[in-house]
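Secondary and tertiary structure notes
Okay, here's what each chain looks like letter by letter:
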Amino acid sequence: MTGMQELLEYVFVVIFTLEAIMKVVAYGFVFHPGAYLRNGWNVLDFVIVIIGYVRHVYFIFSPHLFTRCVRYWLKMKDGLSYVA
């Protein structure tokens, strides 16, 4: 990605994050009848924010570290399924 694309990605992640925070403060997060996560469009916004942060965390750490963590988590998940 070019420098401008990365900058725009950061800007949009910040904008979506601020929007999500304001809506959570105004509507509540989940438990209120009109809560933030009870609206499909807000769920989409929340998923976009989470994906944006996951992507940035992924590139902050080395891809090899991320891959090892995912593999470890999958091994743990498989091990727990045998116990249960």
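Everything that follows concerns the structure shown earlier in this document.
Each chain carries its own residue numbering, running from 1 in the direction its sequence is written. Per-residue local features are limited, in this predicted model, to residues with pLDDT of at least 70; the limit for side-chain atom pairs, both in listing and counting, is 80 or more; totals at the level of whole chains, interfaces and linings are taken over all residues. Side-chain figures throughout are based on the complete set of non-hydrogen atoms in the structure, without hydrogens or water.

1. Digging into the packing of aromatic side chains
Stacked, tilted and edge-to-face are the three classes applied to pairs of Phe, Tyr and Trp rings, where Trp contributes its six-membered ring and a pair requires centres within 6.5 Å; stacked means planes under 30 degrees apart, edge-to-face means over 60, and tilted covers the rest. Using the criterion set out here, one finds two aromatic pairs in the structure. Seen in terms of ring centroids, Tyr36 and Phe46 are 6.3 Å apart; in terms of plane orientation they differ by 80 degrees. Their pairing is edge-to-face. On the criterion of sequence distance, the pair formed by Tyr36 in the loop between helix H1 (3-27) and helix H2 (40-60) and Phe46 in helix H2 is long-range, its members being ten residues apart. Summary of the burial criterion: residues with accessible area below 20% of their type's maximum are buried, those above 50% are exposed, and those between are partly exposed, where the area comes from a 1.4 Å probe applied to protein chains only. In this structure Phe46 comes out as partly exposed when scored by relative accessible area, which is 27%. Secondary structure elements are defined from DSSP: runs of H or I of at least 4 residues count as helices, runs of E of at least 2 residues count as strands, and each element is numbered from the N terminus.

2. As for the side chain of Asn42
Of note, Asn42 is situated in helix H2. Two N or O atoms form a polar contact when they lie within 3.5 Å of each other; inside protein one atom must be a possible hydrogen donor and the other a possible acceptor, and for residues adjacent in sequence the pair counts only when both atoms belong to side chains. From its side chain, Asn42 meets the backbone oxygen of Tyr36 in a polar contact 3.3 Å long. Setting aside chain neighbours within four positions, we find Asn42 in contact with Lys23 and Tyr36. Any two residues whose heavy atoms approach within 4.5 Å at even a single point are treated as in contact.

3. Regarding the pattern of salt bridges
By definition, a salt bridge exists where a carboxyl oxygen of Asp or Glu is found within 4 Å of a side-chain nitrogen of Lys or Arg. Under the definition given, this model contains two salt bridges. Glu9 is the partner of Arg55 in a salt bridge, and the nearest nitrogen-oxygen pair spans 3.4 Å. Linking Arg55 in helix H2 with Glu9 in helix H1, this pair joins segments that are 46 residues apart in sequence. Classification of Glu9 by relative accessible area gives buried; the value is 19%. Glu19 is the salt-bridge partner of Lys23, the closest N and O atoms lying 3.2 Å from each other. With Lys23 and Glu19 both in helix H1 and four residues apart, the pair spans about one turn of that helix. By relative accessible area, which is 25% here, Glu19 ends up partly exposed.

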